[in-house]
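The residues making up each chain are set out below.
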Amino acid sequence: MSKLFSENRVEDHVYVDYAFSNFKSKPKREEDFDELFKMMGSQNAYLRNATIVFLQEFGIEAKPFIEKLLNSKDRDIRIFAVNILGDVIYEDSIDMLKFFILKEKDINAMMTAVDYLGEIGSKDDISLLEALKKEHKDEPYVVFGIDAAIDRIRA
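First, a word on what this report is: a plain description of the structure on this page. (Residues numbered from 1 in each chain as written. Predicted model: local features only at pLDDT ≥ 70, side-chain atom pairs only at ≥ 80, totals over all residues. Heavy atoms only, no water.)

## Observations concerning the packing of aromatic side chains
Within this structure, the stated rule accounts for three aromatic pairs. Between F20 and F54, the aromatic rings sit 5.7 Å apart at their centres with planes inclined by 45°, giving tilted as the arrangement. Placement of the pair is F20 in helix α1 (residues 13-25) and F54 in helix α3 (residues 45-58), with a sequence separation of 34 residues. The residues F20 and F54 share a single accessibility class, namely buried. Centre to centre, the rings of F37 and F65 are 6.4 Å apart; their planes meet at 85°, and the pair counts as edge-to-face. (Phe/Tyr/Trp six-rings, centres within 6.5 Å; stacked < 30°, edge-to-face > 60°. Helix = DSSP H or I, 4+ residues; strand = E, 2+ residues; numbered from the N terminus. Buried < 20%, exposed > 50% of the residue type's maximum accessible area, 1.4 Å probe, protein only.)

As structure tokens, then:
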């Protein structure tokens, strides 16, 4: 499907939607998730977004795949994975976000996870955010984002 919809043509959107509606009802194989991985890197924004929505709606069965995305070499794929993880609530979503924050080297990807932690985290997560803020004290974007996340947690 990723090759078929490599361009972002509006007239193809109905076919992308149709393909995903049929895909939802069939049993998933490892090859299917490999194809989803390719779709996450597509230049076709509609296809990428359809893939993200599918993974958000797929449930706990998508968790291993999301973990794979979180470890992608492509920063944009990691950010998409954080967006998916932040919108699905697994029992260990917060732990997955915290682990990602601790290991992530890219500031934008890390801050995407910080933003979601601010939405779904608890007061127990503030100490991690404060330590991260100290580590990046010379980066105003990071300090501002962490302060905003802490404020949301406290609210």
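## A closer look at the nonpolar core
If you look at the biggest cluster of nonpolar residues, it comprises 47 residues, and the most contacted ones within it are F20, L36, L55 and V114. Non-local contacts of L36, meaning those with residues more than four positions away in its chain, are made with F20, F23, T51, F54, L55 and F65. (Core = buried A, V, L, I, M, F, W, Y, C linked by side-chain atoms within 4.5 Å. Contact = heavy atoms within 4.5 Å.)

## A closer look at the side chain of S93
Tracing the sequence through the fold places S93 in helix α6 (residues 93-103). Within the local environment of S93, its side chain forms a polar contact with the backbone oxygen of V88, the two atoms lying 3.3 Å apart. For S93, the residues in contact, after removing those within four places along its chain, are L85, V88 and I120. (Polar contact = N/O pair within 3.5 Å; in protein donor to acceptor, adjacent residues only side chain to side chain.)

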